[in-house]
Amino acid sequence: MRFLPTREILILIGLAFLPGLGQAIYFREKVSWQGPVPASESVSLAQARSWGSDAIWVDARPDEQFAGEHVPGAIQLNEDRWNELLPQMLAAYSPEKKVVVYCSSQSCNLALEVARRLRQEAQLKNVFVLEGGWEEWLKARK
Amino acid sequence: MKSTKLFLIAAASLVLSARANAQLKWEQTAVDLHPTYSDTVAVAHFKYENVGTTPIHFNSVRTSCGCTAAKPEKDNVAPGEKGEITATLQIGDRTGVQQKTVTVETTDPRTPSTALQLKATIPALIEIQPAFVYWDGVEPLKPKTISLHAPKDSPVTKVTVTSSDPMIPVKVVPGSSPKDWTISVEPADRNQLRAATLTIKPDYPEKTPKLYYASVRVTNATGPAAASTPIAAVPPAK
């Protein structure tokens, strides 16, 4: 048995990389190392808690999950009933406050969407997405 | 010569194993939907066929959002059998591009997990910007504006706007195009903390128009009445 020459080995290594490269190009908008929320738009639980009464907690989860349990004092605002729920959120808002939006977990997109609409449509400042979401809140409570 | 053969076999194996043929063959794994203004749901059909020789069982079908439900037509797929997974997105008050993932886990040994992508572009009946205006304690009490825009295809041709507080009157001014309007807001008195909800009512749907809201606030009022006057929490008109 003779070993393959260097050129063939290099070609084989190159071929082995091809599928990965193809996927990286095809899924370039969903690269795993890129977090969906820029760091400036997210907040850790510890930081959000340290804001105390300066924070408005917004629960972006569906109605039944909010009804089950939520962060004490949180205001419900989701995209299912955005038009109906927005006024009560805006009634609690004031420009000097910080808005902390959360959904079920780190992987859910609901908080991201609600935060985006609050920034773009209502043009609110200081809107943050809670890292880890409701799961993180539950973990910290244990 | 031997090494060339070996090389060719190795290369072919690499290329073939990189994208092994799955037993469950999907007609498409991404669906692009364009619901209309009257739709309340957006439904995607992901069709599949078992091209293998053994039955396949769906272990689980999960969605990335509580707003989307998905279920397979049947739990077991016999060889040669076709079927589909239906994914239904509740539109609710969503607008713009919505991307949801349906993760399907099966007993297919080659591709045990498949991510199906549902993309829906939901048109907005009307766009409001900004949905919140306020005056703080130091800025002059000049009128502020909220822009209303009905996209080109939107069936909205007219809007009416009412304020929940008579001390924060509003005026709707037609814009540069027939689908643009400007709401002009000017609180009558800055010496009191005030809050109003503006109810924006388009002329669509004709029988039960969809209502939109904007909020107006006078904060940090400086007058003598300010300290003792609470902000009225006005519920939106139904």
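Reading guide: rules and limits
- Residues numbered from 1 in each chain as written.
- Chains lettered and ligands numbered in written order.
- Predicted model: local features only at pLDDT ≥ 70, side-chain atom pairs only at ≥ 80, totals over all residues.
- Heavy atoms only, no water.
- Helix = DSSP H or I, 4+ residues; strand = E, 2+ residues; numbered from the N terminus.
- Buried < 20%, exposed > 50% of the residue type's maximum accessible area, 1.4 Å probe, protein only.
- Contact = heavy atoms within 4.5 Å.
- Areas by Shrake-Rupley, 256 points an atom, 1.4 Å probe, with all protein chains shown as cover.
- Pairing = 2+ DSSP bridges.
- Axes fitted to C-alpha atoms, helices over the stretch in contact; angles between N-to-C directions.
- 1 Å grid on protein atoms, 1.4 Å probe; cavity = no way out; pocket = protein on both sides within 12 Å on 5 of 7 lines; lining within 4 Å.
- Points joined across faces, edges and corners; volume = space filled by probe spheres on them.
- Patch = residues over 30% accessible without salt bridge, like charges linked within 9 Å, V, L, I, M, F, W, Y side chains within 5 Å.
- Salt bridge = Lys/Arg side-chain N within 4 Å of Asp/Glu carboxyl O.
- Core = buried A, V, L, I, M, F, W, Y, C linked by side-chain atoms within 4.5 Å.
- Polar contact = N/O pair within 3.5 Å; in protein donor to acceptor, adjacent residues only side chain to side chain.
- Right-handed = clockwise from strand over helix to strand, strands pointing away.
- Phe/Tyr/Trp six-rings, centres within 6.5 Å; stacked < 30°, edge-to-face > 60°.
- Lys NZ or Arg CZ within 6 Å of the ring centre and 35° of its normal.
- pLDDT = per-residue confidence, 0-100.

(A) The overall build of chain B, seen in detail. Helix and strand counts for chain B stand at 1 helix and 17 strands. Sorting the 238 residues of chain B into buried and exposed places 38% on the buried side. Contacts in chain B between residues at least 24 apart in sequence constitute 64% of all its contacts with a sequence separation of at least 6. As displayed, chain B has an accessible area near 12,700 Å², and 55% of this comes from carbon and sulfur atoms.

(B) Main features of the overall build of chain A. When helices and strands are counted, chain A shows 6 helices and 5 strands. Beginning at the N terminus, the succession of helices and strands in chain A can be written as α-β-α-β-α-β-α-β-α-β-α. Taken over 142 residues, chain A has a buried fraction of 41%. Carbon and sulfur atoms make up 57% of the accessible area of chain A, which totals about 8,100 Å².

(C) Region of interest: the sheet that holds strand E1 (residues 42-43) of chain A. All names here are of chain A. If you walk across this open sheet you meet the 5 strands as E1-E5-E4-E2-E3, and the pairing is parallel. Every other strand in the sheet has two partners, leaving E1 and strand E3 (75-76) as the edge strands with one partner each. Across 3 bridges, the pairing between strand E4 (residues 98-102) and strand E5 (residues 127-130) is parallel. Looking at the pairing, Val-99 lines up with Val-127 of E5. Packed onto the sheet, helix H5 (residues 110-120) meets strand E2 (55-59), E4 and E5 and runs at close to 175 degrees relative to E5.

(D) Structural detail: empty space enclosed by the protein. One pass over the structure, following the stated rule, counts 3 cavities of 30 Å³ or more. Estimated volume of the second largest cavity: approximately 50 Å³. Along the walls of the second largest cavity sit Ala-60, Arg-61, Pro-62, Asn-78, Glu-79, Asp-80, Leu-110 and Val-114 of chain A together with Cys-65, Gly-66, Cys-67 and Arg-94 of chain B, which together make up its complete lining.

(E) Structural context of a nonpolar patch on the surface. All names here are of chain A. A grouping of Ile-9, Leu-10, Ile-13 and Phe-17 is seen on the molecular surface, where their side chains present a nonpolar patch of about 420 Å² in accessible area. Relative to the helices and strands, Phe-17 is located in helix H1 (residues 6-26). Judged by relative accessible area, which is 60%, Phe-17 ranks as exposed.

(F) Expanded view of the sheet that holds strand E1 (residues 24-26) of chain B. Residue and element names in this part refer to chain B. Strand order in this open sheet of 4 strands is E1-E3-E7-E5, and the pairing throughout is antiparallel. Bordering the open sheet on either side are E1 and strand E5 (68-72), each of which pairs with just one other strand. Mean inter-strand twist for the sheet, computed between neighbouring axes without regard to direction, equals 25 degrees. Bridge analysis of E1 against strand E3 (residues 41-50) gives 3 bridges, and the strand direction is antiparallel. Bridging across to E3, Leu-24 finds its partner in Asn-50.

(G) View of the nonpolar core. Ranked by internal contacts, the top residues of the largest apolar core, which has 50 residues, are Leu-77, Met-89, Val-101, Leu-118 and Leu-124 of chain A together with Trp-26 and Phe-46 of chain B. Residues Leu-125, Leu-148, Val-159 and Ile-183 of chain B belong to the second largest nonpolar core, which totals 22 residues.

(H) Seen up close, the environment of Gln-23 of chain B. All names here are of chain B. Within the secondary structure, Gln-23 is located in the loop between helix H1 (2-18) and E1. The buried category is assigned to Gln-23, whose relative accessible area is 10%. In this structure, the C-alpha to C-alpha distance between Gln-23 and Pro-187, residues 164 residues apart in sequence, is 67 Å. Within the local environment of Gln-23, its side chain forms a polar contact with the backbone oxygen of Thr-54, the two atoms lying 2.8 Å apart.

(I) The arrangement of the pairing of E5 of chain A in detail. All names here are of chain A. Alternating positions in E5 separate into two faces, Val-127 and Val-129 on one and Phe-128 and Leu-130 on the other, with burial throughout. Taken together, the 2 bridges between E1 and E5 define a ladder with parallel strand orientation. Bridge pairing in E5 places Ser-42 opposite Val-129. Once you follow E4 into H5 and on to E5, the crossover reads as right-handed.

(J) Quick peek at the packing of aromatic side chains. Residue and element names in this part refer to chain A. Inspection of every chain in the model, using the stated rule, returns 8 aromatic pairs over all chains. Between the aromatic rings of Tyr-102 and Trp-134, the centroid separation amounts to 6.2 Å while the plane-to-plane angle is 20 degrees, which identifies the pairing as stacked. Here Trp-134 lies in helix H6 (residues 133-141) and Tyr-102 lies in strand E4, a separation of 32 residues in the sequence. Looking at Tyr-102, the relative accessible area reads 1%, which means it is buried. For Trp-134, a relative accessible area of 9% corresponds to the buried category. Pairwise contacts between aromatic rings join Trp-57, Tyr-102, Trp-134 and Trp-137 into one cluster. Here the guanidinium or amino end of Arg-117 rests over the ring plane of Trp-82, the centre of that ring lying 4.4 Å away.

(K) Quick peek at the confidence of the model for chain A. Overall, the prediction assigns chain A a mean pLDDT of 87, with 86% of residues at 70 or greater. In the model, residues 29-35 of chain A has pLDDT below 50 throughout and makes 1 contact with residues more than four positions away in sequence or in other chains.

(L) The arrangement of unusual backbone geometry in detail. All names here are of chain B. Looking along the chain, the bond that leaves Gln-129 and enters Pro-130 is cis, with omega of -10 degrees. Its place among the elements puts Pro-130 in the loop between strand E10 (127-129) and strand E11 (132-135). Looking along the chain, the bond that leaves Tyr-204 and enters Pro-205 is cis, with omega of -10 degrees. Counting through the fold element by element, Pro-205 comes out in the loop between strand E16 (194-202) and strand E17 (212-218).

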